[in-house]
Amino acid sequence: MESLKAQGVQTIFGYPGGSIMPVYDALYDYTRGEKKAFDHILVRHEQGAIHAAQGFARVSGAVGTVIVTSGPGVANTLTGVADAMIDSTPVVVIAGQVGVGVLGSDAFQELDLITVAQPICKWVYQIRRPEDIPWAVSKAYYLAKSGRPGPVVLDFPKNAQVSKCDYMPSTVNFVRSYIASPLPKDDAMREAAALLNSAQKPLALVGQGVELGGAQEELKTFLEKADIPAGRTMLGLSALPSNHPLNVGMLGMHGNLAPNLKQQEADVVIAIGMRFSDRVTGNLNTYLKQAKVIHLDIDNAEIDKNVKTDVAIVADCKEALPMLTALVHKADHKAWRDSFAPLNEREQSRVIEKAIHPQSGPLLMGEVVNAVAEATQGMGVTVTDVGQNQLFATRYSRYHTPRSIITSGGLGTMGYGLPAAIGATFAEKERPVCVFLGDGGLQMVIQELGTIMEYHCPVKIVLMNNNFLGNVRQWQNMFFQKRYAFTHMLNPDYAQICAGYGIAYERVTDRNDLPAAVERMLAAKGAYFLETVIMEEDDVMPMTPPGASVNDMMLEKEANNG
């Protein structure tokens, strides 16, 4: 407990069990009375603990903390650990373990956590002696938050929990061979500036690294001086305000048409804090073949991993961007910027207007998201689950404040949204936290409504219910001859469920009732569950077909049953 206090931990998400009971016994004293240092949030499933810690970390910028028991307890967190690893989310999981003397004997609730966790976290360590606790905890938090952030797992055998020693504080701020923040090389900076200064059609691809580095203002200054339009990845959506004149939209399979197509025309592309995910690049054989590529990233492992780089800047973007800004010329690329407009207009008329302002028929996901975005004026925190709800929510939300998008990007974890939103409410007390869910993802973690009930979390839950696993259904429609194999879902009566948990509930089927319902949801002091009944075959467009080039992005659905 003293080691956690030394790291500035205030909020812990967890679930007790046999092998972690001594820790919980100590935690009891540190959550009340004169010793009070922590708020402990008892989730209803360990998966909820790790996702809540992720949501907390993504909004606050601090490290999320999870305490669980051994075996099935920590195994239930591992999906979230993998999710945090690929999305660079700083969390520390402290897991109970059987005593050192019975390790390897298949003791009750024993799991070889070191072997299982090692490939999916930044560091995993087994604390075998109480003397090692302060050092191990300090190193865990240092590694989780430094450099490219990520998850760390501490395996805590029971004998080390109950043995005694004198508490000796320890501070770890250096690990041999680990360079948390590499210094940008002058020659790389000069080469990058030379490319940008000679570019006629420069384009920036902005990722979550800008948010993680706290470099939002540095990014704006750089883009504005060099007059470079910028597309954003899904996780980087709030790195640049939605209404910024150089923001040209979202990259990716279901992003905006203009930035996806125009990147194939750019002569110089600078990727800032992004990893060239396959959902952004499409077919690598046709991606950016015409462009010189500058890649700025804190993690050297990302350089040349997917896309060949002409100039690599391995550094923290908050440090490197001002240096690059000083070297680039004041530029005017008006003709290039204006060339995005026809594609924007085409998408606006053929996709966006139909999605957010339909004239008839059942409710659509796009108009539900748009109604919330208009009511919050883009100042809320947008949380999503995974699937069509995620794609519509990220496309049609507005982002005017940093750290405003919380979603599972790389791993695509269904069930992420609700607990992540719970965690976000403990980090963000002023802005509304609105989570967009599909009926599939919600039912994976519906028990976390109990966490909302117990801790009065003011989560605004927007269920977009189409009685389908919508994204899989869309692919089945387009690529599998409409063979809807086990994607239709029978839903429960959410009104009765919410009544059982004491959560305010409302159901909307008519679009004329939607704006007032959204206002009531946002005005409510506590949690609110707004169920919107969505057209079953509502599809997310545009779309780059899987395995296709970004040049082949489709505005309308074209069934391909070949």
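See the structure shown above.
Residues numbered from 1 in each chain as written. Predicted model: local features only at pLDDT ≥ 70, side-chain atom pairs only at ≥ 80, totals over all residues. Heavy atoms only, no water.

K.L.:
Sorry if this is basic, but what is going on with the sheet that holds strand β17 (residues 504-508) here?
P.N.:
Whether parallel or antiparallel, the strands of a sheet pair through hydrogen bonds between backbone atoms. The parallel open sheet is built from six strands, whose spatial order is β14-β13-β15-β16-β18-β17. Each of the sheet's edge strands pairs with one partner strand only, and the pair in question is β14 (405-406) and β17. As paired elements, strand β13 (residues 381-384) and strand β15 (residues 433-438) share four bridges and run parallel to each other. Directly across from T382, in β15, lies its bridge partner C434. (Pairing = 2+ DSSP bridges. Helix = DSSP H or I, 4+ residues; strand = E, 2+ residues; numbered from the N terminus.)

K.L.:
When you look at the packing of aromatic side chains in this model, what are you seeing that I'm missing?
P.N.:
Each aromatic ring pair is characterised by the separation of its centres together with the angle its planes make. Summed over all chains, the structure comprises 14 aromatic pairs. Ring centres of F276 and Y287 lie 6.1 Å apart, and the angle between their planes is 75 degrees; this geometry places the pair in the edge-to-face category. Here Y287 lies in the loop between α13 (278-281) and β11 (292-297) and F276 lies in the loop between β10 (268-272) and α13, a separation of 11 residues in the sequence. Here Y287 falls in the buried class, since its relative accessible area comes to 3%. Ring geometry for Y494 versus F529: centroids 5.7 Å apart, planes at 25 degrees, classification stacked. Of the two residues, Y494 is situated in helix α23 (residues 494-501) and F529 in strand β18 (residues 528-533); the sequence distance between them amounts to 35 residues. Taking relative accessible area as the criterion, Y494 reaches 1% and is therefore assigned buried. In this structure an aromatic cluster arises from ring pairing among F13, F56 and F426. Over the face of the ring belonging to Y28 we find R32, whose NZ or CZ atom lies 3.9 Å from the ring centre. (Phe/Tyr/Trp six-rings, centres within 6.5 Å; stacked < 30°, edge-to-face > 60°. Buried < 20%, exposed > 50% of the residue type's maximum accessible area, 1.4 Å probe, protein only. Lys NZ or Arg CZ within 6 Å of the ring centre and 35° of its normal.)

K.L.:
Hey, could you run me through the sheet that holds strand β1 (residues 11-14) in this one?
P.N.:
With parallel pairing, six strands are arranged side by side in an open sheet as β2-β1-β3-β4-β6-β5. Each of the sheet's edge strands pairs with one partner strand only, and the pair in question is β2 (39-42) and β5 (123-126). Adjacent strand axes in the sheet meet at a mean angle of 20 degrees when their direction is disregarded. Direction of pairing for β5 relative to strand β6 (residues 151-157): parallel, over a ladder of four bridges. Note that in β6 the partner of V124 across the bridge is V153. Those strands touched by helix α5 (residues 78-86) are β4 (91-97) and β6, and its axis lies near 145 degrees from that of β6. (Axes fitted to C-alpha atoms, helices over the stretch in contact; angles between N-to-C directions. Contact = heavy atoms within 4.5 Å.)

K.L.:
Hey, could you run me through the pairing of β17 in this one?
P.N.:
A regular strand places its side chains so that they alternate between the two faces of the sheet. The pairing of β17 with β18 spans five bridges and is classified as parallel. Residue pairing in the sheet places E506 in a bridge with L530 of β18. Once the chain exits β17 it traverses helix α24 (residues 514-523) before rejoining the sheet at β18, and the crossover so formed is right-handed. (Right-handed = clockwise from strand over helix to strand, strands pointing away.)

K.L.:
What exactly am I supposed to notice about the nonpolar core here?
P.N.:
Within soluble globular proteins, side chains that are nonpolar tend to cluster in buried spots. Formed by 62 residues in total, the largest nonpolar core has its most connected members in L205, F276, Y287, Y396, F436 and M464. Other than its neighbours up to four places away in sequence, Y396 contacts V351, I352, A355, I356, G366, V369, N370, A373 and M541. (Core = buried A, V, L, I, M, F, W, Y, C linked by side-chain atoms within 4.5 Å.)

K.L.:
Please explain the pairing of β13 as it appears in this structure.
P.N.:
Both faces of β13 are covered, namely the face carrying V381 and V383 and the face carrying T382 and T384. With two bridges connecting them, β13 and β14 associate as parallel partners. Counted as the bridge partner of V383 is I406 from β14. Remark: the β13/helix α18 (residues 388-396)/β14 crossover connection has right-handed handedness.

K.L.:
For this particular structure, what's the right way to read unusual backbone geometry?
P.N.:
Both trends apply: most residues other than glycine have a negative phi, and most peptide bonds are in trans. Along the chain, M541 connects to P542 via a cis peptide bond; the corresponding omega equals 0 degrees. A positive phi angle, close to 65 degrees, is found at D304, a residue other than glycine. Mapped onto the secondary structure, D304 falls in the loop between β11 and β12 (311-314). Overall, D304 belongs to the partly exposed group, its relative accessible area being 37%. The backbone phi angle of F486 is positive, close to 60 degrees, even though this residue is not glycine. Here F486 shows up in the loop between α22 (470-479) and α23.

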